[in-house]
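The primary structure of each chain is shown beneath.
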Amino acid sequence: AHVAEDIECATHQIAGDAKKICNTPITLLVKKHGVPDLTMVDLPGITRIPVRGQPENIYQLVRDMIMEYIAPEETIILNVLSATVDFSTCESIMLSQSADKTGERTLAVVTQCDLKPDGLFEKVTNGDIKIGLGYVCVRNRIGQESYEEARLEESRLFGSHPLLSRINKSMVGIPVLAHNLVQIQANIISKCFPNIVNQINDKLNANMTELQKMPKNLSSVAEAMTAFMDLMGEVKESLKKIMIRGEYDDYPDDVQMHCTARLAEMLNKYSDGLQCKEDELSPSEFLMEEVQALEEAKGIGLPNFPPRSVFLTLLKRRVQGISSNPVNFVNEVWAYVENVLVTVLNKHCDNYPQLISSTRRAASNLISRMKDESVKHVMEIVEMEKLVDYTCNPEYLSTWNRLMSCQRNFGEIMADESELPFLAIEGFGTVNVAHLRKVKHVAQDALDMKMRMIAYWKIVLRRLVDWMALHLVFRIQNLVNKELVNEIVKELMSPYVGGFERMMEEPPSVAAKREMLNTSVKLLKESK
């Protein structure tokens, strides 16, 4: 007796008292023997002009709500029309046609037939508008009529009215409408049922899988330690795959996580950068740096003894010119490695958000320390190259001998000023050496010094790349195999973190997610 009042009360609670609308359904379950088994959704009527208290975009809000419900293929659209309107211009028809273009799941119900009986027979039978499931003309209850009284008046109206009685009896009356709806709904369900079951299964499997991935509730320190060691094992294996073995199946589409490839690219870029640091001298400056160094190193003593200090001075100058490259490279590599570590840790600690801050802090501290050690190591290598000129690589002498093949021609040019001052040198092409005739007393020594530097410099650059590659691979393997886990354990056991007991504290977000998944699984099983 009070259902209508309860619906109004619920409406006020949800949408307020100012005629506002809300996309929250009020569910009413009606059970009675002998009535059709139907699920019906009563949508709000289309409103174009907002009344007091309604938002300015009330039409769009109502339209969006209607479209949300009538768009699914499983839905039957029950289009309620007044006999007093022109069906072809009715907005509800246009809305239903936009969702159901063929009209195969649209059924039109015509009310107020007694108010406008003229031409109704033609409207519902000529088929001008795509209503695939046809029309049903009905008479609603008026005032305090009972259901039985209303059906009796409906039967009398469509049976005796001179115009309405022309309409086929299979198209009139609430009982016909109910019977048609049950049949239509059964047909729709049988058509869509396999897909619905598949969707339920897919969603159920996805939720079950996600639930299984969630961490179990840990009730003791021993369980927490076991879970932590399992977690660290997963982290270590993931890092080994992407940083050592070059396997990317965990991150197939994220190229930034393809670490061995990215590290190789960085190393190649570093090597190219070292090569580019060589000064491009103009032809007029050829050998002038060596000449100036020899002039400044001369002293009282026998001639034709070029001092070794000149070579070391020139070498130191060259090494100093590229000394920032190795340091910059080390900083770039460790910044990249830190990003990879954080990404992997976040992924594997997703079920233990209480660990994320500790593991990230441990990774950051470890990377900072390893970077400082690498920078120190690199700077030592650079200092070694400045102080010592040594190699056992036979390529040095073979390259120097090959380069010095131009020495005889160079001597002739220096001795005979009638000779054209052009000298062909490997790696330089043809060089004008006329300006060197002014310093011919040191020109031969300058040429020898230059060729030795070229031969030795190739070995220095290659050594800087090789040492860097070996050092970084070694340090990254140490990080993955041992140091990362040790650093995280050290961080967890520090007094201000709380040790493994923190893993036993399930965060509210995880608890809420677990409850949501359990509820969803239960509902999906019931639905199935």
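Shown above is the structure to which this text applies.
Counting restarts for each chain, with residues numbered from 1 along the sequence as it is written. Only residues with pLDDT of 70 or above have their local features reported here, since the model is predicted, and side-chain atom pairs are shown and tallied only from 80 upward, although totals for entire chains, interfaces and linings are computed over all residues. With hydrogens and water set aside, each side-chain value is computed from the structure's full complement of heavy atoms.

1. Some remarks on the overall build of the chain
- Counting its secondary structure elements, the chain contains 16 helices and five strands.
- Rg of the C-alpha trace for the chain: 44 Å, well past the compact-globule value of 24 Å for 528 residues, more than 25% over.
- Its C-alpha atoms give the chain principal-axis dimensions of roughly 140 × 70 × 45 Å.
- Partly exposed describes any residue whose relative accessible area lies between the buried limit of under 20% and the exposed limit of over 50%, with all areas from a 1.4 Å probe on protein chains only and scaled to the type maximum. Per-residue burial for the chain yields a buried fraction of 38% across its 528 residues. The helix count covers DSSP runs of H or I at least four residues long, the strand count covers runs of E at least two residues long, and both are numbered beginning at the N terminus. Note on method: radius of gyration uses C-alpha positions; expected globular size equals 2.2 Å times residues raised to 0.38.

2. Topic: the pairing of strand S1 (residues 77–82)
- Taken together, the six bridges between S1 and strand S2 (residues 106–111) define a ladder with parallel strand orientation. Counterpart to Val80 in the pairing with S2 is Val109.
- Crossover handedness is defined by viewing with both strands directed away from the observer: a clockwise path from the first strand over the helix to the second marks the crossover as right-handed. Where the polypeptide runs from S1 across helix H3 (residues 91–99) and back to S2, its parallel neighbour, the crossover connection is right-handed. Two strands form a pair only when DSSP identifies at least two bridges running between them.

3. Looking at the packing of aromatic side chains
- Two rings from Phe, Tyr or Trp (for Trp, the six-membered ring) form a pair when their centres are within 6.5 Å of each other. A pair whose planes differ by under 30 degrees is stacked, one over 60 is edge-to-face, and the rest are tilted. Scanning the entire structure with this criterion turns up four aromatic pairs.
- Both rings, one in Tyr270 and one in Phe329, keep their centres 4.6 Å apart while their planes meet at 10°; by these two values the pair is stacked. Taken together, the positions of Tyr270 in helix H8 (residues 259–276) and Phe329 in helix H11 (residues 324–348) put the pair 59 residues apart, joining distant regions of the chain. For the pair shown, Tyr270 and Phe329 are each scored as buried.
- Ring pairing ties together the aromatic residues Phe311, Tyr396 and Tyr456, which thus form one cluster.
- The aromatic ring of Phe87 is capped on one face by Lys123, whose charged end is 4.7 Å from the ring centroid.
- Definition used: whenever NZ (Lys) or CZ (Arg) falls within 6 Å of the ring centre and also within 35 degrees of the ring normal, the charge is taken to sit over that ring. Against the face of Phe121 rests Arg166, its NZ or CZ located 4.4 Å from the ring centre.

4. So, the sheet that holds S2
- One open sheet accounts for three strands, arranged S1-S2-S3; its pairing is parallel. Lying at the two open borders of the sheet, with one neighbouring strand each, are S1 and strand S3 (135–137). With strand direction ignored, the average angle separating the axes of adjacent strands in the sheet is 25°.
- Its contacts with the sheet place helix H6 (residues 174–213) against S1, S2 and S3, and it is angled at close to 170° to S2. Angles run from 0 to 180 degrees between N-to-C directions of axes, and those axes are lines fitted to C-alpha atoms, restricted for helices to the stretch in contact. In this description, contact between two residues means that some pair of their heavy atoms is separated by no more than 4.5 Å.

5. Here we look at the packing of helix H10 (residues 308–322) against helix H15 (residues 440–492)
- Two elements in contact, H10 and H15, have axes whose closest approach is 11 Å; the angle formed by their N-to-C orientations is 40°. The angle between H10 and H15 falls in the class oblique. As for how H10 packs across H15, the hand of that crossing is right-handed. Residue-level contacts link Val310, Phe311, Leu314, Leu315, Arg318, Val319 and Ile322 of H10 to Met449, Lys450, Arg452, Met453, Tyr456, Trp457, Val460 and Leu464 of H15.
- Each residue belonging to the contact of H10 with H15 can be placed in one class, and the counts come to twelve nonpolar, no polar and three charged. Each angle is binned into one of four classes, with values under 35 degrees roughly parallel, values over 145 roughly antiparallel, values of 65 to 115 roughly perpendicular, and all other values oblique. Handedness of each helix crossing follows the sense of rotation of the near helix against the far helix: counterclockwise by less than a right angle gives left-handed, clockwise gives right-handed. Put simply, Ala, Val, Leu, Ile, Met, Phe, Trp, Tyr, Cys and Pro go in the nonpolar bin, Asp, Glu, Lys and Arg in the charged bin, and everything else, Gly too, in the polar bin.

6. Re the pattern of salt bridges
- The working definition used for a salt bridge is a side-chain nitrogen of Lys or Arg within 4 Å of a carboxyl oxygen of Asp or Glu. A complete count under the given rule lists 25 salt bridges for this structure.
- In this structure, Arg139 and Glu145 form a salt bridge, with 3.1 Å as the shortest nitrogen-oxygen distance.
- Owing to a relative accessible area of 12%, Arg139 belongs among the buried residues under this scheme.
- In this structure, the salt-bridge partner of Arg156 is Glu153, at a minimum N-O distance of 2.5 Å. Of this pair, Arg156 and Glu153 both sit in helix H5 (residues 147–160), three residues apart, roughly one helical turn.
- Each member of the salt-bridge network shares a partner with another, and the members are Glu237, Arg245 and Glu247.

7. Here we look at the pairing of strand S4 (residues 422–425)
- Only one face of S4 is buried, namely the one carrying Leu423 and Ile425, since none of Phe422 and Ala424 on the opposite face is buried.
- Bridge analysis of S4 against strand S5 (residues 429–432) gives four bridges, and the strand direction is antiparallel. Considered in S5, the bridge of Leu423 is made with Val431.
- In sequence, S4 turns back onto S5 through a hairpin of three residues, with Gly427 there showing a positive phi of about 90°.

8. Digging into H15
- In a regular helix each residue adds 1.5 Å, so 53 residues correspond to 78 Å; H15 covers 72 Å between its end C-alpha atoms and thus fits that length.
- The angle separating two fitted axes, one through the seven residues that finish at a residue and one through the seven that start at it, defines the bend at that residue. Helix geometry: H15 is bent most strongly at Leu479, by close to 55°. Under the convention used throughout, the expected extent of a helix is 1.5 Å for every residue step, that is, one less than its residue count.

9. Let's talk about a nonpolar patch on the surface
- Nonpolar side chains (Val, Leu, Ile, Met, Phe, Trp, Tyr) are joined into patches within 5 Å and like charges within 9 Å, using only residues with over 30% relative accessible area and no salt bridge. Computed with a 1.4 Å probe, the accessible areas rest on the Shrake-Rupley method; for each residue, only the protein chains presented here act as cover. Taken together, the side chains of Val3, Ile7, Ile14, Ile26, Leu28 and Val30 make up a nonpolar region of the molecular surface, amounting to roughly 500 Å² of accessible area.
- Mapped onto the secondary structure, Ile26 falls in the loop between helix H1 (3–15) and helix H2 (58–70).

10. Notes on the environment of Glu290
- Within the secondary structure, Glu290 is located in helix H9 (residues 288–297).
- Sequence separation of Glu290 and Ala446 is 156 residues, and the distance between their C-alpha atoms is 5.1 Å.
- Residues contacting Glu290, with those up to four places away along its chain left out, are Leu314, Ala446, Met449 and Lys450.

11. Quick look at H9
- Every buried residue of H9 is accounted for by Glu290, Val291, Ala293 and Leu294. Looking straight down H9, one finds that the buried residues subtend no more than 165° of arc, so they occupy a single side. Summarising the geometry of H9, the exposed residues directed more than 90 degrees from the buried face are Gln292 and Glu296.
- Tucked into the core, H9 has its buried residues touching H10 and H15. Here, the arc refers to the directions that run from the helix axis to the C-beta atoms.

Limitation: the analysis is restricted to geometry and does not speak to function.
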